[in-house]
Amino acid sequence: MFHYENEQLLCEQTGLDEIARATGTPCYVYSSAAILGAYRAYHTALSGIPHVICYAVKANSTLAVLALLAKEGCGFDIVSGGELYRVLKAGGDPARVVFSGVGKTSEEIEFALRSGICNFNCESEGELAEIDAVAGRLGVTARFSLRVNPDVDAVTHPYISTGLRDHKFGIDIADAPAVYGRARAFTNLRASGVSCHIGSQILDYAPILEAAGKVLDLIERLRAEGHGIDHVDLGGGLGIAYQEADNAPGIGEFIAALRGRLEGAGLTVMVEPGRSIVGNAGVLLTKVLYRKQSPAKEFVIVDAAMNDLIRPALYKAHHEILPLRREAGLEIVADVVGPVCETGDFLARDRSLTAPRQGDFLAIASAGAYGFVQASNYNSRPRPAEVLVEGGEWRVVRKRETPEDLINGETL
Ligand SMILES: *Cc1c(COP(=O)(O)O)cnc(C)c1O
């Protein structure tokens, strides 16, 4: 959805230069067509199998993005009461919400039960007891699945791998039958599914297939033991191409590989994609403030920083950097850095790019997932504006923060 026409970078039919000039920078821009296209790719690939696509809200929780998906009938995977609040504000259907995460508080559990969410993905026996207690108090029955840890290696960055034995997530798959057995004692709970999620930015989906196989075997056993399991939740994690060398599988190809095991299983299939829905649907626009040559290195200093997009600093993540206006020029190798007072504040290191001039706009690509959601006010920097593009039209869906926003809630 991002492409050059007459050497100008467009999002759908909208020139990004126009947005940068009108809203200022830094500014996130999202393509509604890209978001909907990815959602529909999952929906189409799963046709013929009962399914619910639960978009992982933590990847990008901007109301306008959630509303776009809610209107399509998308479900949501939440990891906090705050995310549930956002989903409801955006018009999401609580009956298509699943609640994941290792540390749900009793207040969050109560909010979720009162809202009528579909299912809790539980990660410990203590949590089962807590949900049972809250459900009992409210006089409702809570549906749950255990998030099992299938002990497969997702082969991704260690910070976003979650499916190994020594990770904090889930319950060891070998212990799961006993835990489901003990959970029968909780009178306000009903075991309705099994879930897993082994990591993020997974480019080789073989480990997801392996995990799915183990989970489906577990479901067969649980059913034989009399548990009324009606759904399997395979989590999210499908990777995207951040650069040409990344061999990201297509959504259709990935689901097709799973289909054989899912067809005829008599289960509703849930998936929780985040990054693969929004990651390549967004860019972060920034302006070149200065260029600077040190004895060892050349720097391009821009007005976006690690507080706006932390992925390069946190995971050494690669993001392509594209000029909004493509011109012939001198090729340089430079670090693209922000104004924050940290050596870790870089958007790219040793990057070849056409030498930009002061005032030029650049787009940091693939910034739609885990971008704005991880933005902070570090260095008392206002968080950026966000824009949603629909064809040739665009609108600001979140205003840039102001100095007043920075001190909101504080007293002397
Ligand atoms: C983060 C997360 C997801 C989404 O992961 P992506 O890699 O963005 O698809 C899905 N489910 C759970 C439980 C998660 O924690």
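Being a predicted model, the structure only gives us computed values, none of them experimental. (Residues numbered from 1 in each chain as written. Predicted model: local features only at pLDDT ≥ 70, side-chain atom pairs only at ≥ 80, totals over all residues. Heavy atoms only, no water.)

A. Structural detail: unusual backbone geometry. Omega for the bond connecting Thr-25 with Pro-26 falls within 30 degrees of zero, at -5°, which places this linkage in the cis form. Located in the positive-phi region is Asp-151, a residue other than glycine, with phi close to 55°. With respect to the helices and strands, Asp-151 occurs in the loop between strand S9 (142-149) and strand S10 (171-172). Despite not being glycine, Tyr-370 has its phi angle at roughly 55°, a positive value. Here Tyr-370 shows up in the loop between strand S19 (361-364) and strand S20 (385-390). (Helix = DSSP H or I, 4+ residues; strand = E, 2+ residues; numbered from the N terminus.)

B. A look at the sheet that holds strand S2 (residues 8-11). The strand order across the open sheet formed by three strands is S1-S2-S3, and the pairing between neighbours is antiparallel. Since the sheet does not close on itself, it has two edges, and those belong to strand S1 (2-5) and strand S3 (14-15), each with one partner. Relative to S2, S1 runs antiparallel, the two being bridged by four bridges. Considered in S2, the bridge of Glu-5 is made with Gln-8. (Pairing = 2+ DSSP bridges.)

C. Representation of the domain arrangement of the chain within the structure. Segmenting the chain into domains produces domain 1 (2-29 + 279-406) and domain 2 (101-271). Its C-alpha centre places domain 1 at a distance of 35 Å from the equivalent point of domain 2. On the side of domain 2, eight residues touch domain 1, which itself brings 10 residues to the contact. Interface area lost by domain 1 to domain 2 is led by Asn-280, Tyr-315 and His-318, which between them contribute 51%. Applying the counting rule to domain 1 against domain 2 returns zero salt bridges. Here domain 1 is connected to domain 2 by one residue pair in polar contact (both at pLDDT 80 or more). A per-class count over the side of domain 1 that touches domain 2 returns three nonpolar, five polar and two charged. (Domains from an automatic or database assignment. Contact = heavy atoms within 4.5 Å. Buried area = accessible area lost by both parts, 1.4 Å probe. Salt bridge = Lys/Arg side-chain N within 4 Å of Asp/Glu carboxyl O. Polar contact = N/O pair within 3.5 Å; in protein donor to acceptor, adjacent residues only side chain to side chain. Nonpolar A, V, L, I, M, F, W, Y, C, P; charged D, E, K, R; others polar.)

D. The arrangement of the site of the ligand in detail. Surrounding the ligand, one finds 14 residues, the nearest of these being Lys-58, Ser-200, Glu-272, Arg-275 and Tyr-370. Contact between the ligand and Gly-237: an oxygen atom at 2.8 Å from a main-chain N or O atom of the residue. Tyr-370 is positioned such that a nitrogen or oxygen atom in its side chain is 2.5 Å from an oxygen atom of the ligand. Residues belonging to the shell around the ligand are distributed by class as follows: three nonpolar, six polar and five charged. (Near = heavy atom within 4 Å.)

E. Quick peek at the nonpolar core. Core analysis: the largest hydrophobic core is formed by 101 residues, its most contacted members being Tyr-55, Phe-120 and Phe-144. Broken down by element, this core gets its largest block of residues, eight residues, from helix H8 (residues 206-224). Summarising the domain contributions, this core has at least three residues from each of domain 1 (2-29 + 279-406) and domain 2 (101-271). Core analysis: the next-biggest nonpolar cluster, separate from the first, contains 15 residues, Leu-9, Cys-11, Cys-27 and Val-283 among them. (Core = buried A, V, L, I, M, F, W, Y, C linked by side-chain atoms within 4.5 Å. Buried < 20%, exposed > 50% of the residue type's maximum accessible area, 1.4 Å probe, protein only.)

F. Looking closely at the pairing of strand S8 (residues 119-122). The alternating pattern of S8 places Asn-119 and Asn-121 on one face and Phe-120 and Cys-122 on the opposite face, and all of these are buried. Of the pairings in the sheet, the one linking strand S7 (residues 97-99) to S8 comprises two bridges and is parallel in character. Bridging across to S8, Val-98 finds its partner in Asn-119. For the handedness criterion, the β-α-β arrangement of S7, helix H5 (residues 106-115) and S8 is classed as right-handed. Read as a crossover between parallel neighbours, the route from S8 over helix H6 (residues 125-138) to S9 is right-handed. (Right-handed = clockwise from strand over helix to strand, strands pointing away.)

G. Examining the packing of H5 against H6 more closely. Between H5 and H6, whose axes approach to 10 Å, the crossing angle comes to 50°. Classified by the angle between their axes, H5 and H6 sit oblique to one another. Considering the relative orientation of H5 and H6, their crossing is right-handed. For the pair H5 and H6, contact is made by Ser-106, Ile-109, Glu-110, Leu-113 and Arg-114 and by Glu-130, Ile-131, Val-134, Ala-135, Arg-137 and Leu-138, respectively. Across the contact of H5 with H6, the residue classes break down as six nonpolar, one polar and four charged. (Axes fitted to C-alpha atoms, helices over the stretch in contact; angles between N-to-C directions. Parallel < 35°, antiparallel > 145°, perpendicular 65-115°, else oblique. Left-handed = near helix turned anticlockwise from the far one by under 90°.)

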